[in-house]
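Listed below, chain by chain, are the residues.
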Amino acid sequence: MAAAGGGAWALWWRGLTRGRAAARCAGSGAGGASLLRSPGQLPACRQKSSVSFLSRPDRPNLAYNKIKGKNPGVVFLPGLHSDMNGQKAVALQDFCKSLGHAFVRFDYTGCGSSDGNLQECTVGKWRKDVLSVLDELTDGPQILVGSSLGGWLMLHAAIARPEKVAALVGVAAAADYLVTTFKQLPLEVQKEIEEKGEWKLPTKHNEEGFYCLSYEFIKEAENHCLLSNPIPITCPIKLIHGMKDEDVPWKVSMQIADDVVSTDVDVILRKVEMANRGPSYGLSREVQEKIEQKYDLELENKLVDWIIVQSGEKIEHPPPGRQNFQKWLMDGTLLCKLINSLHPKGKEPIPKISESKMAFKQMEQISQFLKAAEIYGVRTTDIFQTVDLWEGKDMAAVQRTLMSLGSLAVTKDDGCYRGDPSWFHRKAQQNRRGFSEEQLRRGQSVIGLQMGSNKGASQSGMTGYGMPRQIM
C-alpha cells in the first residue's frame, strides 16, 4: 500500500513542508499551515463545520469532522487531553482541502464532543477508536498524522491496518512516554502513586499545571509499549520534533526511527522553539513574571531613539510597551542595520539584509546580529539568545545587549556612533599604575590582612582538649 500511494504521498509531503496551503481562513489572512512550524505558529483558523458522530453498538459514539477528497486521505490523531478543534488539526484540514485530499479529524472516547467517561479511558480503548475511524470513515490508503500521544497510537494503527496506511507523520510522537516517565520516578514515589491511585503529571497546557492520570491507566498502557523491540511498520515515516520540547524529549523520535523496520524514515529536529505558545502556569508563570519585571520602559524609549538615529533612516517609532518593542525588532532587520551602521562604509559585517516574513529567515538575521555584536566587543555574558527576542522570552536580556553595544560604540569614539553620548556609559579603558623598585621591595615584607595575623594572640584561658567548657 505504501508503494501504491508513494507518488501521491511524496507530493502531499512536499507541499506540506513548503507550506503551500492555498486555502486561507476567512478573515484571518493567515497563510498555509506547514507542520515544520510549531503548533503555536499555525494560523488561528476558525471554520464553521458540523460535528458528525460515528455510532458503535458496543462502544461510545465518536465525534468527527470529515471532508471528501482524493487519496491518499489524511487522518489526524490528537494528543493527550486534546481534541479535534486544536490549531494543528484545523490548519492541517485547511491544507488538505487546498490540495483536494480527503481529511478526517476526530475526538477520542471521553474527549471533546465524543461520548464516554474520560476517567474510564485507556490507551487500549483509544487505540480501538483509531481503528474504528480507519475502518468506518476512510476509503483507500491514508496518511496518519499523530501529535504526541497520537504519534504513539498511529504506530499501533499502522501495525494493525498495514493495508490502510500509506505513510506516517509524527509531531513530537510520544511512544511509550507515559510509561517510561512513570518508571523513571523513584520507587517510593511510584509506591505512593499506587496507594493513592492517581498520578499528577506536570504540564504547562492547563491552569492546574498537571494532568491527573489514574494508576490503572498507567498499568494498562504498559501493555501497549512498542520501543526497544523491532516495530513491524514498513511504510514511509516522517518524525518532526522540537529539540527544546519540555514535554516529550526529541530522543523518543530517534528511538522510534531506530526501532521501526521501515528504511524510509526521516527525523526532522527543530533546534529553536517557535513562538506564540499558550500561557504558562505554575512555576513557569512565576519565573516568566520575574523575568518580565526586569524590563525597563524608560530604557526602552532611550534604545528606540538611539536605533532610529543610529540607523539613519526614517523609521516609525513603535508604540510603547514590551510586546510592541519585541515586534519592532523580531524580524532582525533593524538590528542588522544597527550593527552595520557602527562600522565604516564598505566594512559592514552583514552585507545582505532581508525583510523576509519567513520565521527561519528572521531568526537567522537575529543570529547574524548577535555574532556581529560579539565580534564588535559585546561580552558573551551580555548577549541574548535568539529565542529571547523572537519569542519574547526575555526582552530585558535584549535591552542588556543593546545597552552594552551602545556603551561600546560611545567608548570606541571612532566616528560611527550617532546620537547623544550621554545615553550610554563610557566604559573604562585602563588604569595603569607605576611602582618604584623601592616600593615593590617594601611590599614584599608586608603581610597582607587577607593572610591573617597572630599579633597579640595567645592560648591563655583556652580549655584543654577533652575538657568540658567552663561557663562563668
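Quick caveat, the model's predicted, so the values are computed rather than measured.

> Please provide a residue-by-residue account of the overall build of the protein chain, values included.
Each helix and strand in the protein chain was counted, giving 16 helices and ten strands. Within the protein chain, the fraction of its 472 residues that count as buried is 45%. In the protein chain, once contacts between residues fewer than 6 apart in sequence are set aside, the share between residues at least 24 apart is 66%. Total accessible area on the protein chain stands at roughly 26200 Å², and carbon and sulfur atoms take up 50% of it.

> Break down the packing of helix α10 (residues 297–311) against helix α15 (residues 395–412) for me, citing the residues and quoting the values.
Orientation of α10 relative to α15, taken along the N-to-C sense of each, is 50°, at an axis distance of 11 Å. As the angle between them shows, α10 and α15 are arranged oblique. Remark: the crossing between α10 and α15 carries left-handed chirality. Along the contact surface, α10 presents L299, E300, L303, W306 and I307, while α15 presents Q399, L402, M403, L405 and G406. Its residues assigned to classes, the contact of α10 with α15 comprises seven nonpolar, two polar and one charged.

> An account of the sheet that holds strand β5 (residues 142–147) is requested, with residue identities and associated values reported.
Reading across from one edge, β1-β2-β4-β3-β5-β6-β9-β10 is the order of the eight strands in this open sheet, with mixed pairing throughout. Strands with a single pairing partner mark the edges of an open sheet, and in this sheet they are β1 (52–54) and β10 (265–270). Each strand axis lies, on average, 20° off the axis of its neighbour in the sheet, ignoring direction. Where helix α4 (residues 149–160) meets the sheet, it contacts β3 (70–77), β5, β6 (165–171) and β9 (237–242), and its direction lies at approximately 145° from that of β5. Of the strands in this sheet, β9 and β10 are in contact with helix α8 (residues 251–259), which crosses β10 at around 170°.

> Can you lay out the pattern of salt bridges for me, pointing to particular residues and giving the numbers?
Side chains carrying opposite charge are able to pair once their charged atoms draw close together. Scanning all chains against the criterion turns up 13 salt bridges. For R56, the salt bridge goes to D129, with nearest N and O atoms at 2.9 Å. One end of the pair, R56, is in the loop between β1 and β2 (62–67); the other, D129, is in helix α3 (residues 123–137), and 73 residues separate them in sequence. For R56, a relative accessible area of 8% gives the class buried. Here R59 makes a salt bridge to D58, at a shortest N to O gap of 3.4 Å. Taking relative accessible area as the criterion, D58 reaches 58% and is therefore assigned exposed. Within the structure, one salt-bridge network assembled from shared partners comprises E313, K337 and E355.

> Give me the lowdown on α8, citing residues and values where you can.
Along α8, the positions that sit buried rather than exposed are V252, S253, I256 and D259. Projected down its long axis, α8 shows its buried positions confined to an angular sector of 130°, all on one face. Residues K251 and D258 are exposed on α8 and point more than 90 degrees away from its buried face. Check the buried side of α8 and you find it contacts α4, α5 (177–183), β9 and β10.

> Please give an account of empty space enclosed by the protein that cites residues and values.
Over the atoms rolls a probe the size of a water molecule, and its path tells where empty space is left. Counting across every chain of the model gives one cavity of 30 Å³ or more. Here the largest cavity is characterised by a volume of approximately 110 Å³. The wall of the largest cavity is formed by L80, H81, L118, Q119, C121, W126, C212, L213, S214 and F217. Ranked by residues supplied to the lining of the largest cavity, first place goes to strand β8 (residues 210–214) with three residues. Looking at the lining of the largest cavity, its residues break down into seven nonpolar, three polar and no charged.

> Give me the environment of S148: which residues, what numbers.
Structurally, the position occupied by S148 is in the loop between β5 and α4. The partly exposed category is assigned to S148, whose relative accessible area is 23%. Once the C-alpha coordinates of S148 and A173 are considered, the two residues, 25 residues apart in sequence, prove to be 4.4 Å apart. Those residues in contact with S148 that sit more than four places away from it in its chain are G79, V171, A172, A173, A174 and V248.

> Please provide a residue-by-residue account of the environment of V133, values included.
Following the sequence through the fold, V133 ends up in helix α3. Relative accessible area serves as the criterion here: at 1%, V133 is assigned to the buried category. Expressed as a C-alpha distance, the spacing of V133 and V75, which sit 58 residues apart in the sequence, is 8.6 Å.

> With reference to specific residues and values, describe the packing of aromatic side chains.
Within a pair of aromatic rings, the relevant descriptors are the distance that separates the centres and the angle that separates the planes. All chains considered together, the criterion is met by eleven aromatic pairs. Relative to Y108, the ring of F106 lies with its centre 5.5 Å away and its plane at 85°, an arrangement referred to as edge-to-face. The burial state of F106 is the same as that of Y108; both residues are buried. Residues W306 and F424 carry aromatic rings whose centres are separated by 4.9 Å and whose planes lie at 70° to one another, so their mutual orientation is edge-to-face. Remark: F424 occurs in the loop between α15 and α16 (437–443) and W306 occurs in helix α10; sequence separation between them is 118 residues. W306 sits in the buried class, given a relative accessible area of 0%. The buried category is assigned to F424, whose relative accessible area is 4%.

> Break down α4 for me, citing the residues and quoting the values.
With twelve residues, α4 ought to run about 16 Å at 1.5 Å a step, and its terminal C-alpha atoms sit 17 Å apart, in line with that. Across the twelve residues of α4, ten count as buried, placing the element largely inside the fold. Residues of α4 that are buried: L149, G150, G151, W152, L153, M154, L155, H156, A157 and A158.

> How would you explain unusual backbone geometry if you had to name every residue and give the values?
Omega for the bond connecting N71 with P72 falls within 30 degrees of zero, at 0°, which places this linkage in the cis form. Mapped onto the elements of the fold, P72 is located in strand β3. Not every positive phi belongs to a glycine, and A172 is a case in point at roughly 50°. Secondary-structure assignment places A172 in the loop between β6 and α5. By relative accessible area, which is 13% here, A172 ends up buried.

About the cut-offs
- Residues numbered from 1 in each chain as written.
- Predicted model: local features only at pLDDT ≥ 70, side-chain atom pairs only at ≥ 80, totals over all residues.
- Heavy atoms only, no water.
- Helix = DSSP H or I, 4+ residues; strand = E, 2+ residues; numbered from the N terminus.
- Buried < 20%, exposed > 50% of the residue type's maximum accessible area, 1.4 Å probe, protein only.
- Contact = heavy atoms within 4.5 Å.
- Areas by Shrake-Rupley, 256 points an atom, 1.4 Å probe, with all protein chains shown as cover.
- Axes fitted to C-alpha atoms, helices over the stretch in contact; angles between N-to-C directions.
- Parallel < 35°, antiparallel > 145°, perpendicular 65-115°, else oblique.
- Left-handed = near helix turned anticlockwise from the far one by under 90°.
- Nonpolar A, V, L, I, M, F, W, Y, C, P; charged D, E, K, R; others polar.
- Pairing = 2+ DSSP bridges.
- Salt bridge = Lys/Arg side-chain N within 4 Å of Asp/Glu carboxyl O.
- Arc of directions from axis to C-beta.
- 1 Å grid on protein atoms, 1.4 Å probe; cavity = no way out; pocket = protein on both sides within 12 Å on 5 of 7 lines; lining within 4 Å.
- Points joined across faces, edges and corners; volume = space filled by probe spheres on them.
- Phe/Tyr/Trp six-rings, centres within 6.5 Å; stacked < 30°, edge-to-face > 60°.
- Expected span 1.5 Å × (residues − 1).

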